[in-house]
Amino acid sequence: MADGPAATDRARRKPAAVQVVGFDERGRPMGRLLPPLEADVRPVILDAGSPGDVVDADLLRKRRGVWEARRVSTLQLGPAHVQAPCAHFGVCGGCRWQETAYAGQLAAKAAGIEAILRGAGLAPQKLHSIPAPASERYRNRMEFSFGATRWVSGDEPDGVDRTFALGMHPAGRFDRVLDINACLLAFPETDALLAATRAAARAHQASAHDSLPHRGLLRMLLLRKGVNTGEILLELVSDGSDDARAERVAQSVAQECPWVSTMTHVVHQGMNDAVGADARRTVLLGTGVISEVVAGVRFRIQPRSFFQTNTAQAEVLARLVVTAAQEVNAQHVQDWCCGAGFFALVLAKAGVPRVLGIEISAGAVEDARVNALANALPAEFVAGDIAVVSTSCATAVDMLVLDPPRAGLPPAALEAACNSAARRLVYVACDLRASIGQIKTLVARGWQLTRVTLLDQFPHTPHTEVVLVLDRAPRD
Ligand SMILES: C[S@@+](CC[C@H](N)C(=O)[O-])C[C@H]1O[C@@H](n2cnc3c(N)ncnc32)[C@H](O)[C@@H]1O
C-alpha cells in the first residue's frame with residue numbers, strides 16, 4: 001500500500017472551498033474561504049495551489065490565526081496554473097511552486113520583495129527583476145539521501161523494496177526518503193548518476209542508512225558540476241562501517257558513468273546530515289575537486305565548499321557587482337564574507353586595482369588564495385571573523401560587498417559598515433526578510449537605497465537573491 005495521508009474520511013474532515021490569493025512569507029499557497037464559510041476571514045494556508053485557483057480543501061487545524069488545509073481537488077484553475085512538470089511533485093519536499101507558470105512565480109517573488117521593502121518603510125523602489133534563463137536543470141549542486149525506510153508513492157508497483165531509497169525527503173518527513181528517478185532542478189547528468197548509484201548499491205548489497213536506529217552504510221550522495229567546464233564531482237557519504245563496500249559502489253558508478261571527473265568517499269557518523277570540515281575523505285578518482293569558470297575567472301571547488309548554485313545567474317550576479325563598482329570608479333573594494341573569493345576575484349578580473357576579501361572559514365580563504373594565484377589576480381584575502389576584522393579595515397575603501405549568511409552580518413560588522421569610508425555598499429541578500437532589519441539600520445545611519453534587483457536564482461521555489469545598492473546619502 002502507498003504511503004501518504006490516509007484516505008479522506010468525508011465524515012470527519014471539514015470541507016471548504018478556498019480561493020488561492022497568493023503565497024505566504026514561507027512560500028506556501030495562501031487563500032481565503034469562499035461561501036458558505038466566507039464569514040471566517042482567517043487566511044488558509046494550503047499544501048498546494050496556484051494563485052487564482054479555487055480548490056476543494058480539508059481544513060485540518062487552526063494555528064496562530066490561520067487555517068492549515070490540504071487540497072483535495074482543484075475546482076477552477078487560476079490564470080498562471082500549469083501542470084507540474086515533475087513526476088515527484090506533491091510528495092517530494094523540493095520545489096513547491098511548479099504548478100505556477102514561471103512568469104507567475106517571478107511576479108509573486110517581486111510582490112513579496114516589494115511588500116518587505118514597503119513594510120520596512122523604505123521609499124518605494126522601482127524593482128528590477130532578472131528572471132533565470134532556464135527554469136529547469138539550473139542547479140549545479142544537489143545532495144540526495146539514502147533511506148532504509150522508503151516513502152512509497154501511489155504510482156509505485158506493489159511489493160516495491162521498502163528498505164532502500166535514494167532521493168529526497170517528503171515534505172516534513174525527515175524519517176523517510178522518496179526514491180527519485182529524475183530531478184528537474186538538477187544538472188542533466190544527475191538522473192544517470194542516481195540510476196547508476198542505485199544499481200551499484202544493489203549489486204554490492206550496500207544498505208541504506210536508517211536515521212532512527214542510526215544504522216546502514218550509505219547516507220548521502222553529493223553531486224556537483226562545473227557547468228562551464230563540464231567537470232562533475234560525485235561524493236558518496238557513508239557511515240564508515242564498511243569502507244571497502246562503499247568504495248566498490250563508487251567504482252561501479254565510475255565504470256557506468258566514465259564522464260565523471262572526480263569521486264570522493266567521506267565518512268560521516270554524526271546524527272544529522274551536516275558533514276563537518278574534519279570528516280575523513282578519500283579521493284577515489286581524479287583530483288577530488290572540480291573547477292568552474294564564471295566572468296572569466298576559474299574557480300576551484302572542493303566537495304563541500306560554497307559556490308553559487310545557479311551558474312548562469314552567478315554570471316549575472318558578478319556583472320551586477322562589477323557594474324556597481326565601475327559606476328563609482330571604485331579603486332579599493334572589500335568583499336566581506338567572501339567565501340572562496342567569488343566577488344573579490346571577478347572584481348579584480350574587471351580591473352579594480354585593490355581588492356581585499358575577508359572570510360571566517362580558513363579553508364575557503366585557502367581556496368580564494370589558490371584561485372587568485374591560478375588566475376594571476378592581485379586580490380588579497382584575510383581569514384578572520386568579520387566582526388573583528390571589519391573594525392580596523394573599513395577605512396580608505398570605496399565600496400564594500402556584503403554577502404553574509406542568512407542571519408546577516410554580526411552586529412559589530414554592521415556597525416563598521418555603517419561608519420565605513422566607502423561611498424557605496426552592495427548588500428547581497430539570500431533572504432531579504434531576514435536582512436531587512438540590517439538594510440533599515442543602514443538607511444537610518446545615512447545610507448540611501450539606490451537600486452534593488454531581484455535576481456532569480458531558484459525557479460520553482462520561493463527563494464530569490466536580492467542585490468541592494470546603497471550610497472552614502474549627501475550630507476546637508
Ligand atoms: C552566502 S556565503 C557567500 C560566499 C561568497 N560571497 C560567494 O559568493 O561565494 C556567506 C559566507 O560568509 C562566511 N561567514 C559567515 N560568518 C562569517 C563571519 N562572522 N566572518 C566572516 N565570514 C563569515 C561563510 O563562511 C560563507 O563563506
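Residues numbered from 1 in each chain as written. Predicted model: local features only at pLDDT ≥ 70, side-chain atom pairs only at ≥ 80, totals over all residues.

**What to know about helix α7 (residues 386–393)**
Burial in α7 covers these residues: Ile386, Val389 and Ser390. All buried residues of α7 lie within an arc of 100° about the axis, which places them on one face of the element. Buried residues in α7 make contact with β17 (332–336), β18 (354–359), β19 (380–383) and α8 (411–419). (Buried ≥ 20, exposed ≤ 12 C-beta atoms within 10 Å, placed from the backbone. Helix = DSSP H or I, 4+ residues; strand = E, 2+ residues; numbered from the N terminus. Arc of directions from axis to C-beta. Contact = placed C-beta atoms within 7 Å.)

**Here we look at the sheet that holds strand β22 (residues 447–455)**
Ordered in space as β6-β22-β23-β21-β20-β17-β18-β19, the eight strands form an open sheet in which the pairing is mixed. Both edges of this open sheet fall to β6 (127–130) and β19, since each of them pairs with a single strand only. When the angles between neighbouring strand axes are averaged without regard to direction, this sheet yields 20°. The pairing of β17 with β18 spans five bridges and is parallel. If you follow histidine 332 over to β18, its bridge partner there is arginine 354. (Pairing = 2+ DSSP bridges. Axes fitted to C-alpha atoms, helices over the stretch in contact; angles between N-to-C directions.)

**Focus on the sheet that holds strand β2 (residues 29–33)**
Ordered in space as β1-β2-β3-β5-β4, the five strands form a closed barrel in which the pairing is mixed. Taken over all neighbouring pairs, the strand axes of this sheet differ in orientation by 50° on average, direction set aside. Bridge count for strand β3 (residues 44–46) against strand β5 (residues 66–76) is three bridges, and the pairing is parallel. Note on β5: the bridge partner recorded for valine 44 is tryptophan 67.

**What about the site of the ligand?**
Around the ligand sit 21 residues in total, of which Cys337, Gly339, Phe342, Ile360 and Ile386 are the nearest. When contributions to the shell around the ligand are tallied by element, the ones reaching two or more residues are α5 (342–349), β18 and α7. When the residues that make up the shell around the ligand are grouped by side-chain class, the tally is 15 nonpolar, three polar and three charged. (Near = placed C-beta within 6 Å. Nonpolar A, V, L, I, M, F, W, Y, C, P; charged D, E, K, R; others polar.)

**Looking at the nonpolar core**
Val321, Val346, Leu347, Leu402, Leu425, Val426 and Leu468 are the most contacted members of the largest nonpolar core, which totals 120 residues. Structurally, this core is a two-domain feature, drawing no fewer than three residues from each of domain 2 (107–134 + 310–472) and domain 3 (141–294). Setting aside anything within four residues of it in sequence, one finds leucine 425 in contact with Leu400, Leu402, Ala417, Leu442, Trp447 and Leu470. Counting residues in each nonpolar core, the second largest holds 14 residues, with Met30, Val44, Trp67 and Ala108 among its members. (Core = buried A, V, L, I, M, F, W, Y, C linked by C-beta atoms within 7 Å. Domains from an automatic or database assignment.)

**Describing the domain arrangement of the protein**
Per the domain assignment, the segments of the protein are domain 1 (14–81), domain 2 (107–134 + 310–472) and domain 3 (141–294). Using only C-alpha atoms to locate each centre, domain 2 and domain 3 end up separated by 33 Å. Contacts between the two partners involve seven residues from domain 2 and, on the opposite side, six residues from domain 3. Broken down by element, the residue count for the side of domain 2 that touches domain 3 peaks at four residues, all from helix α4 (residues 311–327). Of the residues in the side of domain 2 that touches domain 3, the class split is three nonpolar, three polar and one charged.

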